[in-house]
Amino acid sequence: MPSSYAAAAAGSSSRNTNRKFTAAAAGSSSRKPNPTSTAAASTARPSALLPSPAPKPSVVSPSAVSDSDPSSYSSSGDEADLTASDSATASVVSAYLSVAGEGADLSKVGIFLSSAARRRSPPCLICFDPIRPSDPVWSCSSSCFAILHLPCIQSWAHQSASGAAVPCPTWGCPKCRFAYPKSQTPTSYLCFCSKTADPAPDPWILPHSCGDVCGRRLNANLDSGCEHTCLLLCHPGPCPPCPAVVPNAPCFCGAHREPRRCAHQRYSCAGKCNKRLSCGLHRCPVNCHDGPCPPCAVQGKHKCECGETLEEKLCSERVFQCKRECGGMLDCGKHRCERGCHGGKCGECPLRGRRTCPCGKKDYPKLECDAEAATCGSTCEKVLGCGRHKCPERCHRGPCDETCRLVITKSCRCGGLKKEVPCYQELTCERKCQRLRNCGRHACKRRCCAGDCPPCSETCDRKLRCGNHKCLSPCHRGACSPCPLMKTISCACGKTCFEVPCGTEKNQKPPKCSKKCNIPRLCRHKLECRPHKCHYGACPPCKLTCGEELSCGHLCKERCHGPISPPNPEFTLKPTRKKMEKHIECTPGTPCPPCKEVVLVQCFGQHLGQERAMPCSKWRPFPCQNLCGNPLLCGNHYCTKSCHVLEVPLNQPEGDPIASVSKENVLAEPCEHCDLPCQRVREPPCSHRCPLPCHLSDCPPCKVLVKKPCHCGAMVHAFECVFFNNLKAKEQVKVRSCGGPCHRKLPNCPHLCSEVCHPGICPSVDQCMKKVNVRCACNMLKQEWVCQDVLKEYRNSGRDPKEAPKSQFGVGLLACGEDCKKKVKVQDSELHLRKTQEKKSPTVEAANVPKRRKRRDRGQEVEVSKFQEVKTYVLRVLLIIFLSIIIAAGLYLLWKGIFRLSDWMNEMEEQRARQRHPRGAML
């Protein structure tokens, strides 16, 4: 951008706003005022020196900008704030705002000024070179206000006026084609207001401006009544509407008056016009309007001019003629009127007055109107249709023969052929004219041309300076007119655009549009994704997390990779036909990557504490080191196999909650079958095992006969186990009683219990009332005591009655007398003799050995030989070696089987991966 434009538009950051306004005001005051300026302009000039805020023009839509506006070089989105942001523009319109106020309509003028100040040098429409602030220019003052180089427009006007075969008195503007007379061909470089010649470039005012008040008439129409002049500083483009106030401005119908702006003093009061219409009978029913009132539209029945026909017509069409002839009698009273429907009298007879023969040579002054004039007999001599010869026939009635048949010598139009032909016949030769037409490029080639060659009918068809179009004008001399078309450069949605002259669009960039992009997103975040602005090309990618639910149930945490909408075509000024016909489809989204969520994977048997953490996509069950432990069908025992995939048993319902249970899984294997007998505790509990194999239901009632002795042990009762166990404790005690005496030996004495069969300790342990023979130690003395007294005596003597044998119970409680000692000696000698006899007869002694001793002696070990010991040792060693070999072979086979199972599982996993991703497997 040139320095003058940059300074006028934005200014440098080192200068403040007051300096800008002061410089602009100084630039305007340094010029000499025009003596023809009006008083209003001179009085408004001091206000221009004061900085006043720039108005805020309304936003101008692209459709509101004319093709001829310099504002078409800028985007419509930036035009709204141009005037308010440019200090140079503010200094230009400050004088106008002091009179018109803040509500003045300066939108179009502000766009012109701001675009001239802020945009880079606009191109000249003739040479397409940029117009610099120091170049002399010419501005069209009709309607387009286009700015062109002064030498370019001078050459243009000269070629337009003198390039044709016939000199043209006018020349047209290259853009709007407004016709200027040849006398208005620009000869000098003037400012925009045409008051200053060769204005010097000033960085503080608009380029090509004098900096003085414009002073041009605001309304060129003399009938408008506006005599005010423009109060803006010298500026390009149109002047603003007149801001002066008319105190009593009448409306169109004249019924209402009110103060109005001078530029808008012609207005409608919105009431009825009520003017008298042209019919003179009715008044105008239309609202207050400009121009003449419309024809009267009241319907009615009206007669025609002759008064014979009555039709329904509009009041404005009440005077009409019917289609019948008049038929009225003329004044002669002999002929009737042959005219159509008319008003008034029919008039005089056309056959009255001077009468002549058909050729007009002989008069008949006294001939009646109903009598026919006779022929004179002389030659007719009326001029024929050729215009050169006369009719050679005698005077005759009716028209002469239009075909002149007189043979004459004629020349063709080009003069190359002479021949005698009838006068009515046109003579032409076959010679083609070789003269160039007015374009100077094409020959006439018309047969027998008389020299007045017509204008060239060919199309110029030369390529214009824009390089995009060809000249469609008739073939002409000189340079072709600039391309009249404007190129619209718009955003992708077309709501923001600007226009540039055709040929200058190559260096343009699309405008920045503030509208939202209208391409809907195709991913799942179309309602959540942040909207973006209008653009060319592909939409920015979605930055949200995918969030799509994977087959495993987790959500994808990668960046959105869904389908992408078809992009807008890239910005291009000359789209090729192939690109225009090419249908751009949407880009399909990529599938979600494998799930990377870390999950805990259970083993085949789903044992607690054996989970492993692995990515969800690599989820694969595995066997752990534990046993299966799954309940068998019996419901009492658990599977002792190593961890394996469970198989649904036949009696298990569908929808098993265990995920590893499967009927279709290749790795599924059934748990082992329970062959153990039933080990359940029966109810009621008993010591007998259930005869059935291991089962889940209740065991059948135990029918085993249980032998239960009575309490005293005298007899044995046989009961069914279920019967006896179902009895209560008291009932069991009652059933086991035999009903007889107890017959159990008392613990402290050798007597039996005298009570009825009863459980527990006998009640008469210490109250035994049976009589006992008490003796002395030598059994010589004898007395009868009560058993309980014997027990007391035992305790008093410090002896335990239980230690006394049954045969010796009560012996020794009495004291021995003198007779007892003698008898004791005799017994000792007898005892000694008996012992010696026993030693001499061992067989008798062996015969008297009890059976228990014989059995004990029979179980004693027999002595083994040394050979038998060695043999036993060798057999044991060989057995141990054989068992070790079997165990080692079993471990080796188990190790090999585990490896083969692992390889088989890996192959199955690879087959599943190929089935899921066939494309990846092919690659």
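Rules and cut-offs
- Residues numbered from 1 in each chain as written.
- Predicted model: local features only at pLDDT ≥ 70, side-chain atom pairs only at ≥ 80, totals over all residues.
- Heavy atoms only, no water.
- UniProt positions renumbered as here; feature names shortened; annotations may be inferred.
- Helix = DSSP H or I, 4+ residues; strand = E, 2+ residues; numbered from the N terminus.
- Buried < 20%, exposed > 50% of the residue type's maximum accessible area, 1.4 Å probe, protein only.
- Contact = heavy atoms within 4.5 Å.
- Areas by Shrake-Rupley, 256 points an atom, 1.4 Å probe, with all protein chains shown as cover.
- Pairing = 2+ DSSP bridges.
- pLDDT = per-residue confidence, 0-100.
- 1 Å grid on protein atoms, 1.4 Å probe; cavity = no way out; pocket = protein on both sides within 12 Å on 5 of 7 lines; lining within 4 Å.
- Points joined across faces, edges and corners; volume = space filled by probe spheres on them.
- Nonpolar A, V, L, I, M, F, W, Y, C, P; charged D, E, K, R; others polar.
- Phe/Tyr/Trp six-rings, centres within 6.5 Å; stacked < 30°, edge-to-face > 60°.
- Lys NZ or Arg CZ within 6 Å of the ring centre and 35° of its normal.
- Salt bridge = Lys/Arg side-chain N within 4 Å of Asp/Glu carboxyl O.
- Patch = residues over 30% accessible without salt bridge, like charges linked within 9 Å, V, L, I, M, F, W, Y side chains within 5 Å.
- Arc of directions from axis to C-beta.
- Axes fitted to C-alpha atoms, helices over the stretch in contact; angles between N-to-C directions.

Under an unreviewed UniProt entry, the name given to the protein is RING-type domain-containing protein, and the source organism is Urochloa decumbens. A UniProt comment under Sequence similarities (unreviewed entry) is attached to the protein, and it reads "Belongs to the NFX1 family."

**Some points on the overall build of the protein**
Along its length, the protein carries 16 helices and 21 strands. Residues counted as buried form 32% of the 923 residues belonging to the protein. A separation of at least 24 residues holds for 37% of the contacts in the protein among residues at least 6 apart in sequence. Just so you have it, the protein exposes about 60100 Å², and 53% of that area is on carbon and sulfur atoms.

**As for the pairing of strand E12 (residues 418-422)**
Relative to E12, strand E11 (residues 407-411) runs antiparallel, the two being bridged by five bridges. Looking at E12, one finds that isoleucine 408 is bridged to valine 421. Count of turn residues in the E11/E12 antiparallel hairpin: six residues, of which glycine 415 carries a positive phi of about 80°.

**Thoughts on the confidence of the model for the protein**
With 77% of its residues at a pLDDT of at least 70, the protein reaches an overall mean of 76. For the protein, the element scoring lowest by mean pLDDT is helix H1 (residues 3-9), at 30; strand E1 (residues 137-139) scores highest, at 91. Here residues 842-847 is modelled with pLDDT under 50, and outside its nearest four sequence neighbours on either side it reaches two contacts, counting other chains as well.

**Considerations on the layout of surface pockets**
In this structure, the second largest pocket encloses a volume near 620 Å³. As for the second largest pocket, its lining consists of 23 residues, and the residues nearest its centre are Phe604, Pro623, Ile898, Leu901 and Met905. Every element with two or more residues in the lining of the second largest pocket is listed here: strand E16 (612-615) and helix H15 (866-916). When residues of the lining of the second largest pocket are assigned to their parent elements, the largest contribution, seven residues, is made by H15. Looking at the lining of the second largest pocket, its residues break down into 13 nonpolar, seven polar and three charged.

**Looking at the packing of aromatic side chains**
The relative placement of two aromatic rings is captured by the distance of their centres and the angle of their planes. As enumerated under the stated definition, the model contains eight aromatic pairs in all. On the numbers, 6.3 Å between centres and 40° between planes, the contact of tyrosine 892 with tryptophan 895 is tilted. Residue tyrosine 892 and its partner tryptophan 895 are both found in helix H15; the two are separated by three residues, about one turn of the helix. Tryptophan 895 gets classed as partly exposed once you look at its relative accessible area, which sits at 46%. Here the aromatic residues Trp138, Trp171, Phe178 and Tyr180 are joined through ring pairs into a cluster of three or more. If you follow arginine 260 out to its NZ or CZ, it ends over the ring of tyrosine 267, 4.4 Å from the centre. Note that arginine 612 overlies the ring of phenylalanine 622, its terminal NZ or CZ placed 3.8 Å from the centroid.

**What about the UniProt feature "transmembrane region" (unreviewed entry) in the protein?**
As recorded in UniProt, the feature "transmembrane region" (unreviewed entry) lies at residues 873-895. Along residues 873-895 one finds 100% helix and 0% strand; the C-alpha atoms at either end are 33 Å apart.

**Structural notes on the environment of histidine 637**
As for its position among the elements, histidine 637 is in the loop between E16 and strand E17 (705-709). In sequence terms histidine 637 and leucine 696 are 59 residues apart; their C-alpha atoms lie 9.9 Å from each other. Setting aside anything within four residues of it in sequence, one finds histidine 637 in contact with Asn630, Pro631, Leu632, Cys674, Leu676, Gln679 and Cys694.

**Focus: the pattern of salt bridges**
The final tally for this structure, using the stated rule, is 10 salt bridges. We note a salt bridge from lysine 313 to glutamate 311, for which the minimum N-O separation is 3.7 Å. The partner of lysine 596 in a salt bridge is glutamate 558, with the nearest N and O atoms 3.8 Å apart. Of this pair, lysine 596 sits in the loop between helix H8 (577-581) and strand E15 (598-601) while glutamate 558 sits in the loop between strand E14 (497-501) and H8, placing them 38 residues apart in sequence. Given a relative accessible area of 62%, lysine 596 falls into the exposed group. Relative accessible area serves as the criterion here: at 33%, glutamate 558 is assigned to the partly exposed category.

**Some thoughts on a nonpolar patch on the surface**
On the surface, a cluster of nonpolar side chains totalling about 760 Å² of accessible area is made up of Val870, Tyr873, Val874, Leu875, Val877, Leu878, Ile881 and Ile885. Here valine 870 is to be found in helix H15.

**Looking at the environment of proline 531**
With respect to the helices and strands, the residue proline 531 is situated in the loop between E14 and H8. Residues proline 531 and lysine 516, spaced 15 residues apart in sequence, show a C-alpha to C-alpha distance of 6.6 Å.

**A few points about helix H11 (residues 787-796)**
Those residues of H11 lying buried are Cys787, Val790, Leu791 and Tyr794. Down the axis of H11, the buried set is contained in an arc of 100°. They therefore lie on one face. Looking at the residues trailing H11, positive phi occurs at glycine 798, about 80°.

**Examining the environment of glycine 416**
Tracing the backbone through its elements, the reader meets glycine 416 in the loop between E11 and E12. With relative accessibility at 52%, the residue glycine 416 sits in the exposed group. C-alpha of glycine 416 to C-alpha of cysteine 448: the two residues are 32 residues apart in sequence and 8.2 Å apart in space.

**Some words on the sheet that holds strand E21 (residues 811-814)**
Reading across from one edge, E20-E19-E21 is the order of the three strands in this open sheet, with mixed pairing throughout. Looking along the sheet, the strands with just one partner apiece sit at the ends: strand E20 (782-786) and E21. Looking at each pair of strands side by side, their axes are set apart by 65° on average, direction ignored. Summarising the sheet, strand E19 (residues 771-776) and E21 pair through two bridges and their orientation is parallel. In the strand pairing of E21, cysteine 776 is matched with leucine 814. Packed on one face of the sheet, H11 meets E19, E20 and E21 and runs near 100° to E20.

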